[in-house]
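Listed here are the chains, written in short residue letters.
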Amino acid sequence: MKANLVSTFTKHAAFVVIIVALWEWGARTGVIDQSFVGSPLGIASFTYNNLLNGRLWGDLGWTMLSVKLSFILGSAAAIGVGLVFVTWPKFEAFCDPYVNALNVLPRIAMVPLFILWFGLGVGSKIAMGFSLTFFIVLSSTVAGIRGISQDHVTLTRTLGATSRQLFFWVTLPGAVPVLFSGLRLGLIYAFLGVVGAEVIASERGLGQQLAYLASTFAIDGVWSLLLDLALVGVFLMKVMNWLERRLLHWQ
Amino acid sequence: MIDIKRLHLSFDGVNDVLSDIDFHLASGEFVAIAGPSGCGKTTLLNLCAGLVEVPDGQHLAVASKPPVLGGHDVAYMLARDSLFPWLSAIDNAAFGLKVRGTPEPEARARAQTMLKRVGLAGYEDALPKALSHGMRQRVALARTFAMPSPLLLMDEPFGALDAQTKLQLQDLLLQLCQESERSVLFVTHDLAEAVALADRVIIMSSRPGRIIADVPVPLPRPRSIRQLQTNDAFHQTYAAVWRHLEEGWTHHEG
């Protein structure tokens, strides 16, 4: 098993080294146009400077603040509305066409409006992340609650459980698996929405830095930022995996 | 414990689900209900549990009162495995008591005693995913018997088990009932199970469900499932129950 892991790691390391070496060789010899695709050493140098001069950390903090707030607010609102929908299905049926229309609307097209309403700061980024997270978590909340075992509900009702007991002891834990897959996706989309909005127009943030570097043809910087964004995405998934292992250990 | 007089039930106002049900379950009695699928056995159980409302003007009393959903007189055990997968065996066994307001330490102590009684000492912290089907139904039995409810409603609790596990759990149920003096209304498809466990076997016809026979089981208690296999009275009663069930089919088809 361990030998297999080492072998897999070696294969991947060799693959990456070969690609990077070919890229660097192509950039130096002029086979590849550096001004459009950059070079690995240039990317490494930009990343090093970006780490040292503090710009990366400032923008990362700015982006993560927006991601965090849009995810928390979007999920909380979605869970609240989901509960209302499950409790009053007639209200859900009434809202259904509006929810569907808003959900299919390409949210990125709303960024200009969000900027007008909330400015170039975190407000418009939170609004964008919120608008994506909300609908994903809403549908998983409704599906999670509707999908709980009816046997569990029947049994709990025959025991004379109060609505509060039924909700906290049966409905909520029973809905967590489906709800959690919605939260996982909601977090990815909050990140996507925030960075997307930052690329379009922002005071700060990783997306804003990326857009600025691209507009000034600093391709090494663009690659460096893309790498940072990928690492942030991986980190967010690791956090969700850790949470899932804790919350759903019983599965 | 249960008293039903000339009960009719229809969900749509046109077709009867249950028709002309007259039934009495005495305190401490074990009655099995057998009949074809869809004959209304579970509906009858649900009426007694308060899950289905008794129609106006109809008489159905549990412990001399109209049935109330969640009434403490009744403990319900479902056909399928109904353990909560996120709770350990002991928390599942204590669940009913906790819902009904028993303080946590007391509920857990009682649950622990019951788990030991059903042969699951040492499995208190096991999650349902780590238990076999038979063990999970043992936990469900512990949960049901942990509550002091005098009336147990059991809806094919061993229906999904393999033959050997089923026999073991039937034996366990016989012992638990003998120890704790409960009244039991037990729905089953398995006629041998009905005869082995019950004092009387009620046979129901196809829909609309009506009682077509009430067969007393002349077997002394305490009983042992293994000994019943060689008992003539067991086989004669089993044959009689079969005959009544077949007559029900013939009437229905005719």
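Owing to the predicted nature of the structure, the values given are computational and were not obtained by experimental measurement. (Residues numbered from 1 in each chain as written. Chains lettered and ligands numbered in written order. Predicted model: local features only at pLDDT ≥ 70, side-chain atom pairs only at ≥ 80, totals over all residues.)

Regarding the overall build of chain A
Filter applied, for reference: Each helix is a run of DSSP H or I of at least 4 residues and each strand a run of E of at least 2, with the numbering of both proceeding from the N terminus. Two things to know: the radius of gyration comes from C-alpha atoms, and the globule rule equals 2.2 Å times the number of residues to the power 0.38. Field definition: a residue is buried when 20 or more other C-beta atoms are found within 10 Å of its C-beta, exposed when 12 or fewer are, and partly exposed for counts in between, with C-beta atoms placed from the backbone. Distance between backbone-placed C-beta atoms decides contact: two residues are in contact if it is within 7 Å.
Looking only at helices and strands, one finds eleven helices and zero strands in chain A. Order of helices (α) and strands (β) in chain A, N terminus to C terminus: α-α-α-α-α-α-α-α-α-α-α. Taken against the 2.2 N^0.38 rule, which gives 18 Å for 251 residues, the C-alpha radius of gyration of chain A at 23 Å runs more than 25% over that of a compact globule. If one aligns the C-alpha atoms of chain A with their principal axes, the spans along those axes are about 75 × 55 × 30 Å. Taking all 251 residues of chain A together, 33% fall into the buried category. Put simply, of all contacts in chain A between residues at least 6 apart along the chain, 75% involve residues at least 24 apart.

Description of helix α5 (residues 163-180) of chain B
All names here are of chain B. Inclusion rule: Here a helix's expected span is defined as the number of its residues, less one, multiplied by 1.5 Å. Relevant arc is that of directions from the helix axis to the C-beta atoms, nothing else.
With 18 residues, α5 extends 26 Å from end C-alpha to end C-alpha; this agrees with the ideal 26 Å at 1.5 Å per step. The complete set of buried residues in α5 reads Lys166, Leu169, Gln170, Leu172, Leu173 and Cys177. The buried residues of α5 occupy an angular sector of 165 degrees when the element is viewed end-on, so they sit on one face. In α5, the exposed positions that point more than 90 degrees away from the buried face belong to Gln164 and Glu179. Among the structural elements, β3 (30-34), α4 (133-146), β7 (183-188), α6 (191-197) and α7 (225-228) are those in contact with the buried residues of α5. Residue Glu181 follows α5 closely and has a positive phi angle near 50 degrees.

Things to note about unusual backbone geometry
Residue and element names in this part refer to chain B. In the segment running from Arg221 into Pro222, the intervening peptide bond is cis, with an omega of 0 degrees. Inspection of the secondary structure assignment puts Pro222 in the loop between β9 (211-216) and α7. Residue Arg6 is not a glycine yet carries a positive backbone phi of 40 degrees. Its identity as a non-glycine residue notwithstanding, Ser64 has a phi of 65 degrees, on the positive side. With respect to the helices and strands, Ser64 occurs in the loop between β4 (59-62) and β5 (74-77).

Here's the deal with helix α3 (residues 104-117) of chain B
Residues and elements named next belong to chain B. Helix length check: α3, at 14 residues, gives a terminal C-alpha distance of 20 Å against a target of 20 Å (1.5 Å per residue), a fit within 8%. Where α3 is concerned, the buried positions are Ala107, Arg110, Ala111, Met114 and Leu115. Each buried residue of α3 sits inside an arc of 140 degrees when the element is viewed along its axis, so together they form one side. Looking at α3, the residues exposed on the side facing more than 90 degrees away from the buried face are Pro105 and Glu106. On its buried face, α3 is in contact with α2 (89-99) and α4. Phi for Gly119, located one or two positions after α3, is positive at around 85 degrees.

Concerning the interface of chain A and chain B
Applicable threshold: Three categories are distinguished: nonpolar for Ala, Val, Leu, Ile, Met, Phe, Trp, Tyr, Cys and Pro, charged for Asp, Glu, Lys and Arg, and polar for the others, with Gly belonging to the last.
Taken together, the contact pairs 13 residues of chain A with 19 residues of chain B. With seven residues, helix α8 (residues 150-158) of chain A is the largest single contributor of residues to the side of chain A that touches chain B. Here the residues of the side of chain A that touches chain B are counted per class, giving five nonpolar, six polar and two charged.

Comments concerning the domain arrangement of chain A
Rule in force here: The start and end points of each domain follow an automatic or database-based domain assignment.
The domains assigned to chain A are domain 1 (1-32) and domain 2 (46-247). Computed over C-alpha atoms, the centres of domain 1 of chain A and domain 2 of chain A are 35 Å apart.

Here's the deal with the sheet that holds strand β2 (residues 16-25) of chain B
Residues and elements named next belong to chain B. Keep this limit in mind: At least two bridges found by DSSP between two strands is the condition for calling them paired. Axis lines are fitted to C-alpha atoms, over the contacting stretch for helices. Their N-to-C directions set the angle, which ranges from 0 to 180 degrees.
Pairing is antiparallel across the open sheet formed by three strands, whose spatial order is β2-β1-β4. Lying at the two open borders of the sheet, with one neighbouring strand each, are β2 and β4. Taken pair by pair, the neighbouring strands of this sheet meet at an average axis angle of 25 degrees, ignoring direction. Relative to β2, strand β1 (residues 2-10) runs antiparallel, the two being bridged by six bridges. By the bridge assignment for β2, Ser10 is matched with Asp16. Here helix α1 (residues 41-49) sits on the sheet and contacts β1, β2 and β4; the angle it forms with β2, its principal contact strand, is near 60 degrees.

Looking at the sheet that holds strand β8 (residues 200-204) of chain B
All names here are of chain B. The six strands are arranged β5-β6-β7-β3-β8-β9 in an open sheet whose pairing can be described as mixed. Whereas interior strands pair on both sides, the edge strands pair on one side only; in this sheet they are β5 and β9. Adjacent strand axes in the sheet meet at a mean angle of 15 degrees, parallel and antiparallel pairs treated alike. Relative to strand β6 (residues 151-155), β5 runs parallel, the two sharing four bridges. Among the inter-strand pairings, Met77 is bridged to a residue of β6, identified as Met154.

Thoughts on the nonpolar core
Our working definition: By definition, a nonpolar core groups buried Ala, Val, Leu, Ile, Met, Phe, Trp, Tyr and Cys residues that are joined through C-beta atoms within 7 Å.
By size, the foremost hydrophobic cluster in this structure holds 83 residues, and its most contacted members are Ala93(B), Ala142(B), Leu153(B), Leu185(B), Phe186(B), Ala198(B) and Val201(B). Top contributing element to this core by residue count: α2(B), with seven residues. Once you skip the residues sitting within four places of it in the chain, Leu153(B) turns out to touch Leu45(B), Cys48(B), Ala49(B), Val74(B), Tyr76(B) and Leu185(B). Listed in part, the 40 residues of the second largest apolar core include Val81(A), Val111(A), Ile126(A) and Tyr189(A).

Describing the packing of α8(A) against helix α9 (residues 163-200) of chain A
Helix packing geometry: the angle between the two helix axes and the distance between the axes. Residue and element names in this part refer to chain A. Rules: Roughly parallel means an angle under 35 degrees; roughly antiparallel, over 145; roughly perpendicular, 65 to 115; everything else is oblique.
Axis separation between α8 and α9 bottoms out at 11 Å; the angle between their running directions is 175 degrees. Taken together, the axes of α8 and α9 lie roughly antiparallel to each other. Of the residues in α9, those touching α8 at His152, Val153 and Thr156 are Leu166, Val170 and Gly174. Taken together, the residues that form the contact of α8 with α9 break down as three nonpolar, three polar and no charged.

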